[in-house]
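A look at the structure
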Amino acid sequence: MKKFLFSILLLFGGVFSMQAQTFTVEGNVTDENGMPLLGVNVLVKGETRGTTTDFDGNFSISGVSEENVLVLSYVGFETKEVPVEGESFLNIVLNSDSAALEEVVVIGYGTQQRKDITGAVSVVSSETIEEMKPIRLEQALQGTAAGVNVTPSSGAPGAGININIRGVASNSVNGPLVLIDGYQGDLGTLNPNDVESISILKDAQAAIYGIAGANGVVLITTKGGKKDMAPTIQYDSYVGMQETSRQLPLLNATEYALLLNESYANNGQEIPYPDVSELGEGTDFQDAVFETAPIINHNLTLSGGSERVTYSVGASHLNQEGIIGGDKSDFQRNTARFNLGIDITDEFKLQANSIYTSIDRRSINENGLGSVLFNALNMAPTFAIDEEDLDGRLGNEIINPLSQIENTFNDYNLNKFNGSFSLEYTPIEELTFTSRIGYNLSNSKGKDFSPIVEYGSGKVFNVPRSTVNQNRINDNSYTYDLFGTYDNTFDETHHITATAGMTVIRDWGDGLFATGFDVPNNSWEFADISLTTGTNDGINNGSYKYDIRKLSFFGRLQYDYQGKYLVSGMLRRDSSTRFSTQNRVGTFPSFTAGWILSEEDFLANSEVISFLKLRGSFGVLGNDEAGGAEFYRSLLDGEATYVLDGNLVNGTAMGRIANPLSGWEESEKTNIGMDLRLWDGQVEIEADIFREDRKDLLVSGIPVSGIHGGGAPGSGSPTINAGTTRNEGLEFAIKYRNYVSDDFNFNLSYNATFLKNEVTAINGVDFIPGGQFGVGQPQPSRFEPGFPMGYFYGYKTDGIFQNQAEVDAHPSQKELGADAAPGDLRYVDLDGDGEITPDDRTNIGDPIPDATMGININVNYKNFDFTAYTYASLGNDMVRNYERSQPNVNRHAYVMDRWRGEGTSTTVPRLTSGATSNRVLSEFYVEDASYARIQNIQLGYTLPETLVSSVGIQSLRFYAAVNNLYTFTDYKGFDPAASTGEPIGGGIDFGFYPVPRIYMAGLNLKF
């Protein structure tokens, strides 16, 4: 009995003793300079219990014993283990991790410390993405990465975005290669919240990607968990309202009638509006098509990790309605993803990630002749809001834009899986083998319905017979990489990193298209080919199929001596089934070098220069993404009509003429750069001088003999290597950081790119035309040696004819369509032959900007934070092509400054309903589209940790933001930043759908 009681007392005594030994530990975490660190992970070693530091670097963990050890980890700093040893308050200093502080940058088939990089690489972090709140990831690159120009094709929800790295070099495809965690992917389907960092390879560093790297490479790293990290749930959400960022000043009904009377009178016709007193303001069709539209976004992420496992899973939902058409111009994106890392053993590591994306989009006619805004700008304000131009008074092109929206029916849906699985094997510390397979599986379907509708006499939009068009498309790809990396240091001075491997790529897919006629009930509800009842004599369906394969071998050797003399060499050998067997293989070498002067004795003790590196690179890269899947053979995708048994039968014929001699485009890239850091990194400067010569451009459209049948329906000229371009320029970036006090710090950054573009050669023809201006006019853009790519080709002007004497003294302009009269534009006789003819056309504008730049600011004061991102584009021109030549359409308000008699105007010609030469493409329609845009401003407040920790919340931040706040420009159109993206024909404005201004409020919650 005594032994039993003694045992009970010992047991309870031990419990009481243990209870007495557990307590709450508080602490403060700072860097070496005494600055508090926010968000440091603090874990009890061997357990999942933990917390993170608040804004002031403070933390608190309960239930800790003397024997416990705290593990602190933070990006950019060395992980530190701190024994508790009975202390109730710990002051902890984290030391900077030089490798992380210098940023470990993804450079393709590996990583490298930023200080050792010898190529031109820009990095955009997840913090930047979170601050900008982009709807599409591409928007986060504008103004944040030097040398990267981002232009929207439209401001409509879900519309495409064009990316050009260091200019436009090819006459076909200029978009960069995009790799997501090592596999080829698409930026447009990613949720920006899922991205950890973006690396952009701009020079010969991209030669490791050979035949696909000429347009630059964008490397995406998605978010994953971290080792020894407590499970963390993060919820981010915002809601917002959208409005148009711009409206154009148009004539109201009274102004319209008065000026229309004037134009008729100038042509000797009876005026159409003898009494304008009752017209008033009339209908503003532009204002009527714009509306306020909602946007909402949710993102949820769970991440964490143990000693051997890291994980991150997340889901997101975005719903954005259009500022034109509402739910008829909307975009929905839903994503789900996982990222898992497992250290199976000390030698084997498994990494797996996958992303599912579902996109649903409806759209209106956004650009080109006949777009909704095109009609809104030209519809006469004297019509009622629901009135149609039944008599065709406005011509055959203009209809009521609200009716156009009402009769627009379409839907597009995309489901996509993409991801990768990789296995790393490290037999010895210096050697790692990686086997990785990446995949993309996507299926999309689309449908559009045209109901029977009558807009007015002779309108091109009239639909006498209802139709439904449907398509199903499958696009798939996989990438398999097998490579090894050897990294070792000899005699503490010689550091070598060698990488060698192979890549197999396959892209394959198919598409089906069909049209059905006579939809039951003339209704969207019944718009399906299976329900249509009509037939048509033409070809009502089509299809395509493709299968492209590439095999590549590559190697890279990086060497540095004493950490200050750096060299690397790369070689890649590609073969692509886009080309015939005789031109299938290409070899792409490159070389880079660097010298870290700050490691030399003469700078080692400098109090000003903390880091200085000179670097240079030269390499050859390729581009095979031009003109279609295959160039060396023809397909049966042409059109033909045959006579069979005395009857005409529609059939197929040979398509585009084959060229078995075509090969890849080749790019020679040269770069000289400098990286400088001053006053312990308080100021960072990067500068680069670059040149790219793009050779053997894959050009289609060069005429061939009619014997070959290139002019037949569905056929075309062969794609040949026939052109050369050059881009050269300067990049500059500077960043300034200042920690004024514990409560106040700020960052300022500025980057700029100055660019000159020129076509240097073309074979077979003098030039290649492109683009469209007006109706029936020559193509306005050209690809021609000695000029920028896609420059505008038209007439120079020399003011306005003020009287008949000036007209008589000037060369005749009759060949342009009509005799000149006082008040008409006066064109320059460049060839001096005494008359104005098409031979007097010349370069009147360049759609490529001379300079692009971004200015960004980040300020933190106590628990408040403020960010602002701005972007500017200078020197680019745009053609104003949203105005019609029909006499009765509405007009931009600038016509109020028209010529009305001698001395009244020297810039805007007279109004007349008769024939003139004023509508030919001239400098009058080309405007400077330079602009500066406040892309995003945001003000946030993080609640004190003491207020939220009691309910289990690590951090809670609220913010308000505005995207596309204001655009400063003299351009008259909706959006000076928009472009179709065409290298020959871009920069022609048919009435671009403007980017919306978005007011949003949101929260960031972590627990």
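Heads up: the structure comes first, above all this text.
Residues numbered from 1 in each chain as written. Predicted model: local features only at pLDDT ≥ 70, side-chain atom pairs only at ≥ 80, totals over all residues. Heavy atoms only, no water.

As for the overall build of the protein
Counting secondary structure elements, the protein contains 10 helices and 51 strands. Rg of the C-alpha trace for the protein: 32 Å, near the compact-globule value of 30 Å for 1007 residues, within the 12% margin. By principal-axis analysis of the C-alpha atoms, the protein measures approximately 125 × 70 × 70 Å. Across the 1007 residues of the protein, 53% fall into the buried class. Residue pairs at least 24 apart in sequence account for 71% of intrachain contacts in the protein once pairs closer than 6 positions are excluded. A total of about 43,000 Å² of accessible surface is found on the protein, and carbon and sulfur atoms cover 54% of it. Distance from the positive charge centre (71 side chains) to the negative charge centre (128 side chains) of the protein: 4 Å. (Helix = DSSP H or I, 4+ residues; strand = E, 2+ residues; numbered from the N terminus. Rg over C-alpha atoms; globule rule 2.2 N^0.38 Å. Buried < 20%, exposed > 50% of the residue type's maximum accessible area, 1.4 Å probe, protein only. Contact = heavy atoms within 4.5 Å. Areas by Shrake-Rupley, 256 points an atom, 1.4 Å probe, with all protein chains shown as cover. Lys, Arg positive; Asp, Glu negative; His and termini not counted. Charge placed at Lys NZ, Arg CZ, Asp CG, Glu CD.)

Things to note about the pairing of strand S37 (residues 744–762)
Inspection of the sheet shows strand S36 (residues 723–739) paired to S37 by 17 bridges, in the antiparallel sense. Looking at S37, one finds that Gly 729 is bridged to Leu 755. Here S36 folds back onto S37, and the loop between the two strands holds four residues. Sheet topology places S37 next to strand S44 (residues 851–861); 11 bridges connect them, and they run antiparallel. Looking at S44, one finds that Thr 753 is bridged to Thr 852. (Pairing = 2+ DSSP bridges.)

Section: the packing of aromatic side chains
In total, this model carries 29 aromatic pairs according to the counting rule given. Between the aromatic rings of Phe 409 and Phe 449, the centroid separation amounts to 5.7 Å while the plane-to-plane angle is 50°, which identifies the pairing as tilted. In this pair, Phe 409 is assigned in strand S22 (residues 409–428) and Phe 449 in strand S23 (residues 431–450), connecting sequence segments 40 residues apart. Given a relative accessible area of 3%, Phe 449 falls into the buried group. A ring pair is formed by Phe 579 and Trp 664, whose centres lie 6.3 Å apart and whose planes are at 70°; its orientation type is edge-to-face. Within this pair, whereas Phe 579 is found in the loop between strand S27 (565–576) and strand S28 (585–596), its partner Trp 664 is found in the loop between strand S31 (647–653) and strand S32 (665–678), the two being separated by 85 residues in sequence. The pair Phe 579 / Trp 664 is uniform in exposure class, with both members buried. (Phe/Tyr/Trp six-rings, centres within 6.5 Å; stacked < 30°, edge-to-face > 60°.)

Brief notes about the environment of Asn 623
Among the structural elements, Asn 623 can be located in strand S29 (residues 609–623). For the pair Asn 623 and Gly 210, spaced 413 residues apart in sequence, the C-alpha separation works out to 8.2 Å. Those residues in contact with Asn 623 that sit more than four places away from it in its chain are Ser 170, Val 173, Ile 211, Ala 214, Asn 215, Trp 664, Glu 665, Arg 694 and Leu 698. Here the side chain of Asn 623 touches Glu 665 through a polar contact of 2.9 Å, side chain to side chain. (Polar contact = N/O pair within 3.5 Å; in protein donor to acceptor, adjacent residues only side chain to side chain.)

Considerations on the sheet that holds strand S4 (residues 58–64)
The pairing of strands in a sheet comes from backbone hydrogen bonds and takes either a parallel or an antiparallel form. Strand order in the open sheet formed by three strands is S4-S1-S7, with mixed pairing between adjacent strands. The open sheet has two free edges, formed respectively by S4 and strand S7 (89–93), since each of these has just one partner strand. In this sheet, adjacent strand axes meet at a mean angle of 25° when their direction is disregarded. Taken together, the five bridges between strand S1 (residues 23–30) and S7 define a ladder with parallel strand orientation. Residue pairing for S7: Asn 28 is matched across the bridge by Asn 91. (Axes fitted to C-alpha atoms, helices over the stretch in contact; angles between N-to-C directions.)

Considerations on helix H4 (residues 253–266)
Helix length check: H4, at 14 residues, gives a terminal C-alpha distance of 20 Å against a target of 20 Å (1.5 Å per residue), a fit within 8%. Those residues of H4 lying buried are Ala 253, Tyr 256, Ala 257, Leu 259, Leu 260, Asn 261, Glu 262, Ser 263 and Tyr 264. Where H4 begins, the side chain of Asn 252 points an oxygen toward the backbone nitrogen of Thr 254, at a separation of 3.1 Å. Gly 268 sits one or two residues past H4 and shows a positive phi near 75°. (Expected span 1.5 Å × (residues − 1).)

A closer look at the environment of Ile 180
Tracing the sequence through the fold places Ile 180 in strand S13 (residues 177–180). Given a relative accessible area of 1%, Ile 180 falls into the buried group. Distance in space between the C-alpha atoms of Ile 180 and Thr 357 is 14 Å, their sequence separation being 177 residues.

Details of the sheet that holds strand S43 (residues 842–845)
One open sheet holds the four strands; their spatial order is S38-S39-S40-S43, and the pairing between them is antiparallel. Here the strands that pair on one side only, and so sit at the sheet edges, are strand S38 (768–770) and S43. Taking the axes of each pair of neighbouring strands and ignoring which way they run, one obtains an average angle of 50° across the sheet. Sheet topology places strand S39 (residues 781–783) next to strand S40 (residues 791–794); two bridges connect them, and they run antiparallel. The residue of S40 that forms the bridge with Ser 781 is Phe 792.

Considering a negative patch on the surface
Taken together, the side chains of Glu 815, Asp 831, Asp 833, Glu 835 and Asp 839 define an acidic patch exposed on the protein surface. Take Glu 835: it is sitting in the loop between strand S42 (825–827) and S43. With a relative accessible area of 36%, Glu 835 lands in the partly exposed category. (Patch = residues over 30% accessible without salt bridge, like charges linked within 9 Å, V, L, I, M, F, W, Y side chains within 5 Å. Salt bridge = Lys/Arg side-chain N within 4 Å of Asp/Glu carboxyl O.)

Details of the side chain of Ser 590
If you trace the backbone, Ser 590 turns up in strand S28. Within the structure, Ser 590 has its side chain in polar contact with the backbone oxygen of Ala 204 (distance 3.4 Å). Every residue in contact with Ser 590, bar those within four places of it in the chain, is listed here: Ala 204, Ala 207, Ser 568, Gly 569, Met 570, Phe 618 and Gly 619.

Digging into the pattern of salt bridges
Enumeration over the complete set of coordinates arrives at 44 salt bridges. Between Arg 362 and Asp 330 there is a salt bridge, and its shortest N-O distance comes to 2.7 Å. Here Arg 362, found in the loop between strand S21 (348–361) and helix H6 (372–378), pairs with Asp 330, found in strand S20 (residues 326–343); they are 32 residues apart in sequence, far enough to count as distant. The class for Arg 362 is partly exposed, based on a relative accessible area of 24%. Here Arg 826 and Asp 798 are joined by a salt bridge, their closest N and O atoms 3.8 Å apart.

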